[in-house]
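Residue-level listing of the chains:
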Amino acid sequence: MIEGSGCAFAAVRPCFHCGESCRDERFVSGEKTFCCAGCLAVFELLTENGLDDFYSLDDAAGVKVKPAAPANFFRCLDDPGVRPRLVDYSDEQITRVTLRLPAMHCIACVWLLENLFRLKPGIGPSEVNFPRKEVSVSFETGRVKLSELAALLASLGYEPDLKLSDMDGPRSKPSRRLWLQLGVAGFAFGNIMLLSVSGYLGLDAENGSALRRLFGAVSFLLAVPALLYSAADYWRAAWTSLRQRRVTIEVPIAVGILALFAQSAAEVVTGRGSGYFDSLTGLIFFLLCGKWFQQKTFERLAFDRDYKSFFPLWVTRKEGGVEAAVALSQVRVGDRLVLRNGELIPADALLVEGQAVIDYSFVTGESEPVEKAAGDYLYAGGRQAGNAIEVETLKPVSQSYLTSLWNQQVFHKNKGRTLDSLTNLYSKRFTRIVIGVAVASAVFWSFRDAGRALKSFASVLIVACPCALALAAPFALGSAQRIAGRRRIFLRNPSVVETLARVDTIVFDKTGTLSAAGAEEVTFQGPPLTGAEEGLVYAMARHSTHPYSARIAQALAGRNGAGPVRSFLETPGCGIEGSVDGNEIWMGAAAWLESRGVAVPAPPGAGGGMVHLAINGKYRGTYALINAVRPEMERLLPGLSRHYKLALLSGDREKERERFAALLGPSAEMRFHQSPVEKLAFIRDQQQSGRAVMMIGDGLNDAGALQQSDLGVAVVESIHAFSPASDVILAAAALPKLDALLRFAKGSVRVVRASFVISAVYNVVGISFAARGVLSPVICAILMPLSSVSVVAFACGATALLARRAGLGGAEEAEP
Amino acid sequence: MIVIFFLIPLSVVIAAVFLIAFIWAVRSGQYEDTGTPALRLLTEEPRSKRETNAPKENKDT
């Protein structure tokens, strides 16, 4: 494929646009050199439109432009069945669309994308969201087509990332509501506090009741919006749980707020005092702060991705000899599709024409590409590597092998985990005790001093309002989530920490978790090669993009010295051939070499990939590529097996059973040849025998098991890469920290329990005042913030301390 | 001290102005993307530099 020539230039100059080295001298403008026609075109376009500032913002800021897509490539975006589902807003004058551009990477990109309007008339203002790598563009509906906008972006190197999931409508925007509620509550709290200080210090004696009435009235007016707007979610949640006859934490909170407001309003109206509006609004404010802290999510990560975010939006369909892009949703059974290098098989199909080499690594985790011949059945989810093939779809997209996994029951039911299960458990007991005490004190006072009965009843409810209790879990678990995030362990939400602490069984998927893809051990079997021979092999392997060649080249890195490769030829599924320094080198499959008259001895028993080498027509030896166990796992697994039940599920053949048996310990269960559905069933069996299962996997084939398990952990090499829906996204580099994470989660849950005890102590103190009927605004004003702040400080501090002891503390780790 | 009856409501009104400013800021999306504006700030530089420092003969080339 590649005509081997090596680099002919004395000094390779970087491309002025993208910074890659220029292999060709043809693309020059003035003194500037470019690596390809695409980069040169972008440079000229930018210069013509006065956008050459782009290059002064950052050196070689551009994105290498891929070969131009066919003119009609994006045309199906204008399809009436597709367009309305992609745009955010559209009327006759203006359209607004948000597109994901993964190529965006620097300041200059932001600037260029926000100056798009200077490149094409009809395009309006555009706004970049850099952390999400998105751009929102407005354009005139009549003058610019959506496909033209996409083509313009692609021609600049920022090809929009459009996936089938985008058809489900625009992604929901993060909530502004909580910010507004927090703002209103803070506003009310701050102002009422200022007015109340005079009351605490007894300064209103001079002007007497007139001033107190004014302060009371102003406080009342300020508190009403906080009560109605900021606390609205608590009313709703309390009402819902009452209707379902459950006691959640919101019930005592709502009762407490209501009692506090009723009593304060009564005091202000009757002129007996200025009420407890400071405590009331402070309480709402603190509660909302806890909610805000808890709601912090990792915006760049998507925990809910399903196969739709993996499938393309459109495919190339061939009809009557003419190729046209067509939306995937419109593909019917029997359609003839054309798949080019790197494209995905969207539905189960029959190979009609061409040599298929399908890379199923994404679905199965196996890195070995599979060869198929015309007439073979192709499962959806694989990627074609090599030349274009033609296939005929046999099943609709929604019923293909890969997607059928998502039709399993488990993907449709809500997991039904309450967010604060721990908190709710405690609040149930707590509420009963509080109501008991309130009634008892009311009964007690009604015999002695009937006037005090109502007041003490209300006071108990007020003081017992479990503000500190409600704050303990969000802050302890929320800061645990943040600390883990700094170690590149991303938890879907804080309550995942609770689940982590409950887990007693850990199930591993082999590929991608225990062994790293693309890190096979390369060993040479046969008489050792001389240095010169290794140089020949290195030169050859470097020319091929096949994963095996890449691994061999990596293992031989630095064996330069051989001359350029002549007449290099790669036959997909067979091998590579070429001549180096007059030697004819063949490397590839045994059958292929044998068909050329080379006797290849039967390979020794080791599993994994084999690359046979023949020099000048003579068999020389075999490179064996064996999946290497991640070295850190050899340390981690024996430690884990002491505390957890371990299991291994693999879609792979059984060839490495003994190796893993030694690692996982004698009690571990190991299953090979597992289909995605079997994996799911295994997890379900474990759960039915009462175990809390954590599943660690990486491929789409684990998606069912991850969903079924109590806690699904997706291991990813890069956090921006696709990961199946899961509760935890774990960077592969953070895998050795798994045991530390589990210990840390257990510790964090203990911190929450300890916080409950602290808040209970405050409540006992407060209730003892209240039950005696002597609760004054000052005690209330001191006790309420003191309890909240100290619980929050304890929860955050103790969690940070635990993290340091577990070895998870410290500064943020940058992504390599 | 009677002035306090005037000053207190006034102070609340002024505080309300800030609350409205906050609501406007949230509504206009300023709390959603806190990363990009920091980058955007840096890109203002070259344009202003060119306007003030660019030598005139450059326009002919």
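Keep in mind that this is a model prediction, so the values were computed, not measured.

Right, let's talk about the overall build of chain A for a bit. Tallying secondary structure elements over chain A gives 25 helices and 28 strands in all. Expressed as a percentage of its 816 residues, the buried residues of chain A come to 44%. When contacts within chain A are restricted to residue pairs at least 6 apart in sequence, long-range pairs at least 24 apart make up 66% of them.

Glancing now at the confidence of the model for chain B. All names here are of chain B. For chain B, per-residue confidence averages 73 on the pLDDT scale, and 69% of positions sit at 70 or higher. Contacts of residues 48-61 to residues separated by more than four positions or lying in other chains number 0 contacts, the stretch itself having pLDDT below 50. For this predicted complex, the interface score ipTM comes out at 0.77, while the overall pTM is 0.72.

Right, let's talk about the pairing of strand β10 (residues 349-353) of chain A for a bit. Pairing analysis gives 2 bridges linking β10(A) to strand β13 (residues 377-378) of chain A, with the strands arranged antiparallel. Note on β13(A): the bridge partner recorded for Leu350(A) is Tyr377(A).

What follows covers the sheet that holds strand β24 (residues 645-649) of chain A. All names here are of chain A. Taken in spatial order, the 7 strands line up as β16-β28-β27-β26-β17-β24-β25 in an open sheet, and their pairing is mixed. Only two strands of the sheet have a single neighbouring strand rather than two, namely β16 (489-491) and β25 (669-671). Adjacent strand axes in the sheet meet at a mean angle of 15°, parallel and antiparallel pairs treated alike. As paired elements, strand β17 (residues 505-509) and β24 share 5 bridges and run parallel to each other. What sits directly across from Thr 505, in β24, is Lys 645. Strands β16, β27 (711-716) and β28 (728-731) of the sheet are contacted by helix α16 (residues 495-502), whose axis makes an angle of about 100° with β27.

Another aspect to go through is the domain arrangement of chain A. If you check the domain split of chain A, you get domain 1 (75-162), domain 2 (312-411) and domain 3 (521-626). Taken together, the contact between domain 1 of chain A and domain 2 of chain A spans 6 residues of the former and 7 residues of the latter.

Reading the values: the criteria
- Residues numbered from 1 in each chain as written.
- Chains lettered and ligands numbered in written order.
- Predicted model: local features only at pLDDT ≥ 70, side-chain atom pairs only at ≥ 80, totals over all residues.
- Helix = DSSP H or I, 4+ residues; strand = E, 2+ residues; numbered from the N terminus.
- Buried ≥ 20, exposed ≤ 12 C-beta atoms within 10 Å, placed from the backbone.
- Contact = placed C-beta atoms within 7 Å.
- pLDDT = per-residue confidence, 0-100.
- Pairing = 2+ DSSP bridges.
- Axes fitted to C-alpha atoms, helices over the stretch in contact; angles between N-to-C directions.
- Domains from an automatic or database assignment.

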